[in-house]
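Residue-level listing of the chains:
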Amino acid sequence: MKDKLDTVDYTLLEILSECAQMPFTEVAKKAKISPGTVHMRIKKMKDLEIIKGATLSIDYAKMDWNLTMFLGVFLKEIGLYKLVIEQLKRIPEVVQVNHTTGKYDIFVKMHARDSEHYRNVYQNAILTISGISAIETFISIEENVNRHISFCTE
């Protein structure tokens, strides 16, 4: 995949990682290329599935979702990971699920309005998933970095 990208592509990724909704004309000005080239390059990276849509960065606390938790999930049997992941995907508060190596079989990121909301989701949705043997929960005190990898070195 790397040989299909050049410095122009990496520059576009760098610019768009700061603001995914930036108009192509503005991206073109920053990259010092034509808007048509931006459009063509972005289409190429979408076709290669390097770019998979665009996302918003939401400050959940400003919307009264005051808790972010990470759950280290232990499975009864490692072969159950696909089943457990599919069930975790159905829980709206779960925003990220990773099948991992190391201490945990699955690592989950979720948001809740408060501790009561978390307790309800934990007891009524997560703990009811067959295949989970144990969970360790970590509450995030503060998120300090949330970014993409920088591909341009200047």
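Thresholds, definitions, all that
- Residues numbered from 1 in each chain as written.
- Predicted model: local features only at pLDDT ≥ 70, side-chain atom pairs only at ≥ 80, totals over all residues.
- Heavy atoms only, no water.
- Phe/Tyr/Trp six-rings, centres within 6.5 Å; stacked < 30°, edge-to-face > 60°.
- Helix = DSSP H or I, 4+ residues; strand = E, 2+ residues; numbered from the N terminus.
- Buried < 20%, exposed > 50% of the residue type's maximum accessible area, 1.4 Å probe, protein only.
- Pairing = 2+ DSSP bridges.
- Axes fitted to C-alpha atoms, helices over the stretch in contact; angles between N-to-C directions.
- Contact = heavy atoms within 4.5 Å.
- Parallel < 35°, antiparallel > 145°, perpendicular 65-115°, else oblique.
- Left-handed = near helix turned anticlockwise from the far one by under 90°.
- Nonpolar A, V, L, I, M, F, W, Y, C, P; charged D, E, K, R; others polar.
- Core = buried A, V, L, I, M, F, W, Y, C linked by side-chain atoms within 4.5 Å.

### Some remarks on the packing of aromatic side chains
Part 1 of the reasoning: On inspection of all chains with the given rule, the structure shows six aromatic pairs.
Part 2 of the reasoning: Taking 6.4 Å as the distance between ring centres and 35° as the angle between the ring planes, the aromatic pair formed by Phe107 and Phe138 counts as tilted. Within this pair, whereas Phe107 is found in strand E3 (residues 106–112), its partner Phe138 is found in strand E4 (residues 132–139), the two being separated by 31 residues in sequence.
Part 3 of the reasoning: On the accessibility criterion, Phe107 (27% relative accessible area) is partly exposed.
Part 4 of the reasoning: Among the aromatic residues, those joined into a ring-pair cluster are Phe70, Phe74, Tyr104, Phe107 and Phe138.

### Focus on the sheet that holds E4
Part 1 of the reasoning: On the basis of which strands lie adjacent, the open sheet formed by four strands has the order E2-E3-E1-E4 and antiparallel pairing. Across the chains shown, the open sheet's two edge strands, defined by having one partner strand only, are strand E2 (94–99) and E4. Neighbouring strand axes in the sheet, compared pairwise and without regard to direction, differ in orientation by 20° on average.
Part 2 of the reasoning: In this sheet, E3 lies alongside strand E1 (residues 67–75) in antiparallel orientation, the contact comprising seven bridges. Bridging across to E3, Leu71 finds its partner in Val108.
Part 3 of the reasoning: Each of E1, E3 and E4 is contacted by helix H5 (residues 115–126), which is oriented at about 25° to E1, the strand it contacts most.

### Details of the environment of Lys30
Part 1 of the reasoning: In this fold, Lys30 is placed in helix H2 (residues 24–31).
Part 2 of the reasoning: The spacing of Lys30 and Thr11 is 19 residues in sequence and 9.1 Å in space, taken between C-alpha atoms.

### Section: the packing of helix H1 (residues 7–18) against H2
Part 1 of the reasoning: Where H1 meets H2, the closest approach of the two axes is 10 Å, and the angle between their N-to-C directions is 125°. Here H1 is positioned oblique relative to H2, judged by the angle of their axes. Of the two possible hands of crossing, H1 and H2 adopt the one that is right-handed. Together, Thr11, Leu12, Ile15 and Leu16 of H1 and Val27, Lys30 and Ala31 of H2 make up the contact between the two elements.
Part 2 of the reasoning: Along the lines of polarity and charge, the residues of the contact of H1 with H2 split into five nonpolar, one polar and one charged.

### Quick notes on the nonpolar core
Part 1 of the reasoning: Formed by 20 residues in total, the largest nonpolar core has its most connected members in Leu71, Val73, Ile106, Met110 and Ile126.
Part 2 of the reasoning: At the level of elements, E1, helix H4 (81–89), E3, H5 and E4 are the ones that each hand at least two residues to this core.
Part 3 of the reasoning: With five residues, the top contributor of residues to this core is E1.
Part 4 of the reasoning: Not counting residues up to four positions away in its chain, the partners in contact with Ile126 are Leu71, Ile91, Met110, Val121, Ile132 and Ile135.
Part 5 of the reasoning: By size, the runner-up hydrophobic cluster in this structure holds 14 residues, among which are Leu12, Leu13, Met22 and Val38.

### Considerations on the environment of Leu67
Part 1 of the reasoning: Tracing the chain through its elements places Leu67 in strand E1.
Part 2 of the reasoning: A residue is classified by how much of its surface remains accessible, and Leu67, at 16% relative accessible area, is buried.
Part 3 of the reasoning: Sequence separation of Leu67 and Ala112 is 45 residues, and the distance between their C-alpha atoms is 5.2 Å.
Part 4 of the reasoning: In this structure Leu67 touches Met110, His111, Ala112, Arg113, Asp114, Ser115, Tyr118 and Ile139, once residues within four positions along its chain are discounted.

### With respect to the pairing of E2
Part 1 of the reasoning: Inspection of the sheet shows E2 paired to E3 by five bridges, in the antiparallel sense. Of the residues in E3, the one forming a bridge with Asn98 is Phe107.
Part 2 of the reasoning: Two successive antiparallel strands, E2 and E3, enclose a turn made up of six residues, where Gly102 displays a positive phi of approximately 95°.

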